[in-house]
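Letter by letter, the chains look like this.
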Amino acid sequence: MALRNAAFFLLFFSFLAFSLPTSARPATFLQDFEVTWSDSHIKQIDGGRTIQLILDQSSGCGFASKRQYLFGRVSMRIKLVPGDSAGTVTAFYMNSNTDNIRDELDFEFLGNRTGQPYTVQTNVYAHGKGDREQRINLWFDPSADFHLYTILWNHGHAVFYVDDVPIRVYKNNEAKGIPYPKFQPMGVYSTLWEADDWATRGGLEKINWSKAPFLAHYKDFDIEGCPVPGPANCASNPRNWWEGATYHSLSALEARKYRWVRMNHMIYDYCTDKSRYPVAPPECMAGI
């Protein structure tokens with residue numbers, strides 16, 4: 001009887017482990033991620049708990065999660081390229097890795113001349129349609145220390161956070177005929193690359209290769225979501241913590257922080273760019 005009970009509980013807890021969504025704070029980078037571009041330009045520090053991305057004239061670099069996820073939350077602490085970083089882009093994003101009907105949630109950190117504010121650009125692709133750029137100037141020096149960057153993605157909205165301050169909200173307005181990324185799983189990616197044709201002041205400021213190598217550092221990789229492939233009912237499970245009522249809208253405090261960012265630090269919003277969109281895109285009218 002004791003052996004039968006022990007076997008039952010072993011099977012039960014094995015089932016639970018397989019059925020529950022992934023909740024991972026990897027001890028090392030390679031637990032959940034792998035290098036996808038230029039292995040020689042990504043260095044592991046402190047036993048892989050921190051990594052260094054390197055950009056020089058020979059190459060940039062990138063990495064990606066080993067699995068894809070459908071809904072959840074991903075975050076990393078990043079210390080961006082210091083000093084004269086004009087023309088560089090450090091990106092942290094989720095992507096469906098599909099050619100035609102792409103879903104994507106982007107952070108892109110646009111390098112600057114020394115002393116100028118760092119700009120972060122966010123973008124949202126849903127069902128293959130992107131061109132939804134917003135830009136804010138960060139209110140601190142993101143190259144002086146590590147800061148937390150987070151994407152929360154559930155059935156109600158996608159929220160971009162900087163140190164727990166929401167800087168972008170994209171709501172699920174499918175009821176109004178507006179596409180929302182909810183059918184395709186997405187991987188987690190990051191890259192450091194040269195884009196001086198557009199990154200800094202629209203390409204007016206070019207990269208200064210005498211300042212190379214350009215270095216960005218990452219740590220505290222955290223993925224909590226439904227892995228794909230994985231349990232078929234995970235993504236639709238309303239008991240996932242990120243699907244709780246408190247995560248489907250901003251709290252009163254978050255809403256105040258969000259308004260503060262938009263009023264004081266936003267420098268570009270595609271919704272108000274009449275040269276690109278004489279008529280505002282429908283999601284702008286529906287509330288983003």
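For the chain, an unreviewed UniProt entry supplies the name Xyloglucan endotransglucosylase/hydrolase and the organism Hevea brasiliensis. Heading Function (unreviewed entry) of the UniProt record for the chain holds this comment: "Catalyzes xyloglucan endohydrolysis (XEH) and/or endotransglycosylation (XET). Cleaves and religates xyloglucan polymers, an essential constituent of the primary cell wall, and thereby participates in cell wall construction of growing tissues." Taken verbatim from the UniProt record of the chain, the Sequence similarities (unreviewed entry) comment is "Belongs to the glycosyl hydrolase 16 family."

Moving on to the overall build of the chain. A tally of helices and strands in the chain yields three helices and 16 strands. For 288 residues, the compact-globule formula gives about 19 Å, and the C-alpha radius of gyration of the chain, at 20 Å, lands near that figure. C-alpha extents for the chain along the principal axes are approximately 75 × 50 × 40 Å. Within the span of the chain, comprising 288 residues, buried residues form 52% of the whole. Look at the contacts in the chain between residues 6 or more apart in sequence, and 68% of them connect residues 24 or more apart. Carbon together with sulfur atoms contributes 55% to the accessible area of the chain, which is approximately 13900 Å² in total. Looking at charge distribution, the chain has the averaged site of its 29 positive side-chain charges lying 6 Å from that of its 30 negative ones.

A few words on the nonpolar core. Grouped together as the largest cluster of nonpolar side chains are 59 residues, with contacts concentrated most on Phe 63, Met 76, Phe 107, Tyr 149, Trp 153 and Tyr 218. Core analysis: the second largest hydrophobic core is formed by five residues, Tyr 270, Cys 271, Ala 280 and Cys 284 among them.

Taking strand neighbours across the sheet as the criterion, the eight strands line up as 2-5-14-7-8-9-10-16 in an open arrangement whose pairing is antiparallel. The strands lining the two open edges of the sheet, one partner per strand, are strand 2 (33-37) and strand 16 (266-269). Here the strands of the sheet are splayed against their neighbours by 15° on average, with no regard to which way each runs. In the sheet, strand 7 (residues 88-95) pairs with strand 8 (residues 104-110) via seven bridges, with the strands oriented antiparallel. Following the sheet pairing, Thr 90 is matched in strand 8 by Phe 109.

Relative to strand 4 (residues 50-55), strand 3 (residues 42-45) runs antiparallel, the two being bridged by four bridges. Bridging from a neighbouring strand, Ile 42 pairs with Leu 53 of strand 4. Where strand 3 folds back on strand 4, the antiparallel hairpin that results is connected by four residues, among which Asp 46 adopts a positive phi of roughly 55°.

Attention now goes to the pattern of salt bridges. Under the definition given, this model contains 11 salt bridges. Taking the shortest distance from any N to any O, the salt bridge between Arg 73 and Asp 222 comes out at 3.9 Å. A residue pair is termed long-range when its members are at least 10 positions apart, and Arg 73 in strand 6 (residues 68-79) and Asp 222 in strand 15 (residues 214-228) qualify at 149 residues. Close ionic contact of Glu 224 with Arg 73 constitutes a salt bridge, the shortest N to O distance being 2.7 Å.

Time to look at the state of the cysteines. For the structure shown, the criterion picks out two disulfides. One disulfide in the model links Cys 226 with Cys 234; its S-S distance is 2.1 Å. The chirality of the disulfide connecting Cys 226 with Cys 234 is left-handed, given an S-S dihedral of about -75°. Here Cys 226 matches Cys 234 in class, with each residue buried. With cysteine numbering restricted to those in disulfides and following the sequence, the chain has the pairing 1-2, 3-4.

Here is what the cut-offs are and how they apply
Residues numbered from 1 in each chain as written. Predicted model: local features only at pLDDT ≥ 70, side-chain atom pairs only at ≥ 80, totals over all residues. Heavy atoms only, no water. UniProt positions renumbered as here; feature names shortened; annotations may be inferred. Helix = DSSP H or I, 4+ residues; strand = E, 2+ residues; numbered from the N terminus. Rg over C-alpha atoms; globule rule 2.2 N^0.38 Å. Buried < 20%, exposed > 50% of the residue type's maximum accessible area, 1.4 Å probe, protein only. Contact = heavy atoms within 4.5 Å. Areas by Shrake-Rupley, 256 points an atom, 1.4 Å probe, with all protein chains shown as cover. Lys, Arg positive; Asp, Glu negative; His and termini not counted. Charge placed at Lys NZ, Arg CZ, Asp CG, Glu CD. Core = buried A, V, L, I, M, F, W, Y, C linked by side-chain atoms within 4.5 Å. Pairing = 2+ DSSP bridges. Axes fitted to C-alpha atoms, helices over the stretch in contact; angles between N-to-C directions. Salt bridge = Lys/Arg side-chain N within 4 Å of Asp/Glu carboxyl O. Disulfide = S-S within 2.5 Å.

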